[in-house]
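The primary structure of each chain is shown beneath.
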Amino acid sequence: MKLENLQLTGSFKIRGVTNAIRKASKEQLNKGVWTVSSGNTAKAVARCAYQMGLRCTVVVADYIPETKLSAITQFGAKTIKISMDKVMQILQTGRFEGMEGH
């Protein structure tokens, strides 16, 4: 049995995120990493970026609770709040205008 709640960020997401970032080339990581999430994936990306010395931006829904925002920013990630409509657009296209990085 694996107690996923005992992972560094409270869920299994840290394993997949770390694997994805470590597989990326230096060129892909030159401009940092980013994600759109308001939960465990956001925390995992922020923590992994912090550990690897990478810049990190997390795009979050504008209704995110302060506790979740704090859990993301404690690792030095920059956050951008947007409407849920825009979050859904990013999830569909995989793009956010002006966002660079892996």
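Scope of this entry: the structure provided in the associated data block. No experiment lies behind these values; they were computed from the predicted model shown.

A few points about the overall build of the protein chain
Turning to step 1, where the next piece is worked out: Within the protein chain, the secondary structure is distributed over 5 helices and 3 strands.
Turning to step 2, where the next piece is worked out: Tracing the protein chain from N to C terminus, the helices and strands come up as α-α-β-α-β-α-β-α.
Turning to step 3, where the next piece is worked out: The globule rule puts the C-alpha radius of gyration for 102 residues at 13 Å, and the 13 Å found for the protein chain is close to it.
Turning to step 4, where the next piece is worked out: Here the C-alpha coordinates of the protein chain stretch approximately 40 × 35 × 25 Å along the principal axes.
Turning to step 5, where the next piece is worked out: Here the protein chain holds 102 residues, and the buried ones make up 39% of them.
Turning to step 6, where the next piece is worked out: Taking the average location of the 15 positive side-chain charges in the protein chain and that of its 7 negative ones, the two points are 9 Å from each other.

Some remarks on the packing of aromatic side chains
How two aromatic rings sit relative to each other is set out by the distance from centre to centre and by the angle between their planes.
Turning to step 1, where the next piece is worked out: Within this structure, the stated rule accounts for 1 aromatic pair.
Turning to step 2, where the next piece is worked out: Seen from their ring centres, Y50 and F75 are 6.3 Å apart, and the 50° between their planes marks the pair as tilted. In this pair, Y50 sits in helix α3 (residues 40-52) while F75 sits in the loop between α4 (66-73) and β3 (78-82), placing the two residues 25 residues apart along the sequence.

Examining the layout of surface pockets
Turning to step 1, where the next piece is worked out: One number sums up the size of the largest pocket: a volume of about 190 Å³.
Turning to step 2, where the next piece is worked out: Taken together, 14 residues make up the lining of the largest pocket; nearest its centre are K31, R55, T57, M99 and E100.
Turning to step 3, where the next piece is worked out: Secondary-structure elements contributing two or more residues to the lining of the largest pocket are β1 (33-36) and β2 (56-61).
Turning to step 4, where the next piece is worked out: Counted by class, the lining of the largest pocket contains 6 nonpolar, 4 polar and 4 charged residues.

What counts and how
Residues numbered from 1 in each chain as written. Predicted model: local features only at pLDDT ≥ 70, side-chain atom pairs only at ≥ 80, totals over all residues. Heavy atoms only, no water. Helix = DSSP H or I, 4+ residues; strand = E, 2+ residues; numbered from the N terminus. Rg over C-alpha atoms; globule rule 2.2 N^0.38 Å. Buried < 20%, exposed > 50% of the residue type's maximum accessible area, 1.4 Å probe, protein only. Lys, Arg positive; Asp, Glu negative; His and termini not counted. Charge placed at Lys NZ, Arg CZ, Asp CG, Glu CD. Phe/Tyr/Trp six-rings, centres within 6.5 Å; stacked < 30°, edge-to-face > 60°. 1 Å grid on protein atoms, 1.4 Å probe; cavity = no way out; pocket = protein on both sides within 12 Å on 5 of 7 lines; lining within 4 Å. Points joined across faces, edges and corners; volume = space filled by probe spheres on them. Nonpolar A, V, L, I, M, F, W, Y, C, P; charged D, E, K, R; others polar.

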